[in-house]
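Chain by chain, the residues:
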Amino acid sequence: MNTEFFEALTLLEKERGIPADYLLEKIEAAVVIAVKKDYNCGDNVLVDIDAEKCKFDVYLVKTVVEEVEDETAELTLEQAQSYKKSAKIGDTIQIKLKTKEFGRIAAQTAKHVIRQGIREAERGLMVRDMQEKEHEVITATVLRVDPLKGFVTVDLGKNEAVLVRSEQVEGEVLREGERVKVYVVDVLATDRGPKIMISRTHPGLVKRLFEMEVPEIYDGTVEIKAVSREAGNRTKMAVWSKNPDVDPVGACIGPKGSRVAAIVAELGGEKIDIVRWSEDPVAFISEALSPAQVVGVEILDEEQRTCRVSVPDGQLSLAIGNKGQNARLSAKLTGWKIDIRPESGFYGEDEDESPAPAKDSGEEG
């Protein structure tokens, strides 16, 4: 019987991926509860499980006394010597129970606790498995689309997750059966298993896609320093290489633009500007405002991280961008509030006179 019991444990471990040690802990706790109920005893229950020897024994532990006051925890010398001839007053006696004699209620209690333990173990494994994928990109399959609430339920393999409307790219249409890449923002443990928060708009999605596409990023030669993104429209990404012989921007773009093109396609045509990161804020701010040319950068307040940028008169609109997007993304990328001015100091009739500062700092993956 014991051999069959341990064989069943090994099978559970293989089929469900639940460690045998964890199951043994739950079974031991279940047996203790069952014995307490069936024998109306206190905490004097000992369960001895030895998986290596396929040994499973249960004992009631009692103290030898002259006069018994608590039958659940004590026994007389005469009773003790029937189990152990050398017993004497004050000794502790282990009385082995025949597990086949457990009552129906005890057996049901044990089964319930074991089943509950298996369910908890499975939930725990799912949570740990998903937590290992936190801040990573997963390829999911669209299961259901709710046209009213805008929620999209996706299959992540062993788990399902909901892509809420706020984490979907504006204008992107997802259809049932479609495979789509999502970014795992967070994983929370709940009584029903892992609650997985996923996104298609998070800057981390762009960062991870580049890590998957560009070998130099994967091996650490090129580092993504910051990402700012307005999902569905445009992303700016700052890169740097520890190797002076490696062009970090060129590595990300790839031969004939193949690497960045693959990511643009995955993001539904979202524009991606890749710029060179620098420790020098003047150089970095100048790069960040690309494709506009920068004539000069004046640091106004280093502590408050504010600056004034001069651009050629004819490129003021380009520097600010459509509805201020280029300036806004540049400010997020660099972490500086940027006041953009024309080189001459005079705004043309068609130029936007308002500067485009932004308080948000760049997202680092």
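This structure is a prediction, so every number in the text was calculated from the model and none was measured.

Secondary structure summary: the protein chain contains 11 helices and 15 strands in total. Looking at the 365 residues of the protein chain, the share that counts as buried comes to 40%. Considering only contacts in the protein chain between residues 6 or more positions apart, those separated by 24 or more positions represent 57%. Carbon and sulfur atoms form 46% of the exposed surface of the protein chain, whose accessible area is close to 20,900 Å².

Moving on, we get to the side chain of T221. Its place among the elements puts T221 in the loop between α6 (215-218) and β10 (222-230). For T221, the side chain forms a polar contact with the side chain of D219, separated by 2.7 Å. With residues near it in sequence (within four places) discarded, T221 still touches E216, W240, S241, K242, N243 and V246.

This part covers helix α11 (residues 325-334). Burial within α11 is extensive, with 8 of its 10 residues counted as buried. Among the residues of α11, Q325, N326, A327, L329, S330, A331, L333 and T334 are the ones counted as buried. Two residues or fewer past α11, G335 is found with a positive phi of approximately 80°.

Of the two faces of strand β7 (residues 160-163), only one is covered, namely that formed by A161 and L163; the face formed by E160 and V162 stays uncovered. One ladder, built from 4 bridges, connects strand β6 (residues 152-155) with β7; its direction is antiparallel. Counted as the bridge partner of V154 is A161 from β7. Hairpin geometry of β6 and β7 is characterised by an intervening segment of 4 residues between the two adjacent antiparallel strands and by a positive phi of about 115° at G157.

Looking now at the confidence of the model for the protein chain. Mean pLDDT over the protein chain: 86, with 89% of residues reaching 70 or higher. Counting contacts from residues 349-365, a segment whose pLDDT is below 50, to residues more than four positions away or on other chains yields 36 contacts.

In this section: the environment of V142. The topology assignment puts V142 in strand β5 (residues 137-145). When sequence neighbours within four positions are dropped, the list of residues in contact with V142 reads V152, T153, V154, L174, R175, E176, G177, E178 and V180.

As a further point, take the packing of helix α9 (residues 281-288) against α11. In a pair of packed helices, the angle between the axes and the distance between the axes together describe the arrangement. Packing of α9 against α11 brings their axes to within 9 Å, and their N-to-C directions diverge by 145°. As for how α9 packs across α11, the hand of that crossing is right-handed. Every residue of α11 that contacts α9 at F284, I285 and A288 is listed here: S330, L333 and T334. Tallied by class, the residues present in the contact of α9 with α11 amount to 4 nonpolar, 2 polar and no charged.

In this section: the sheet that holds strand β13 (residues 296-301). Pairing is mixed in the open sheet, where 3 strands are placed in the order β13-β14-β15. Looking along the sheet, the strands with just one partner apiece sit at the ends: β13 and β15 (337-342). For this sheet the average axis-to-axis angle between neighbouring strands, irrespective of direction, equals 25°. One ladder, built from 6 bridges, connects strand β14 (residues 306-311) with β15; its direction is parallel. Paired with R308 across the two strands is D339, which belongs to β15. Each of β13, β14 and β15 is contacted by α9, which is oriented at about 120° to β13, the strand it contacts most.

Analysis parameters
- Residues numbered from 1 in each chain as written.
- Predicted model: local features only at pLDDT ≥ 70, side-chain atom pairs only at ≥ 80, totals over all residues.
- Heavy atoms only, no water.
- Helix = DSSP H or I, 4+ residues; strand = E, 2+ residues; numbered from the N terminus.
- Buried < 20%, exposed > 50% of the residue type's maximum accessible area, 1.4 Å probe, protein only.
- Contact = heavy atoms within 4.5 Å.
- Areas by Shrake-Rupley, 256 points an atom, 1.4 Å probe, with all protein chains shown as cover.
- Polar contact = N/O pair within 3.5 Å; in protein donor to acceptor, adjacent residues only side chain to side chain.
- Pairing = 2+ DSSP bridges.
- pLDDT = per-residue confidence, 0-100.
- Axes fitted to C-alpha atoms, helices over the stretch in contact; angles between N-to-C directions.
- Left-handed = near helix turned anticlockwise from the far one by under 90°.
- Nonpolar A, V, L, I, M, F, W, Y, C, P; charged D, E, K, R; others polar.

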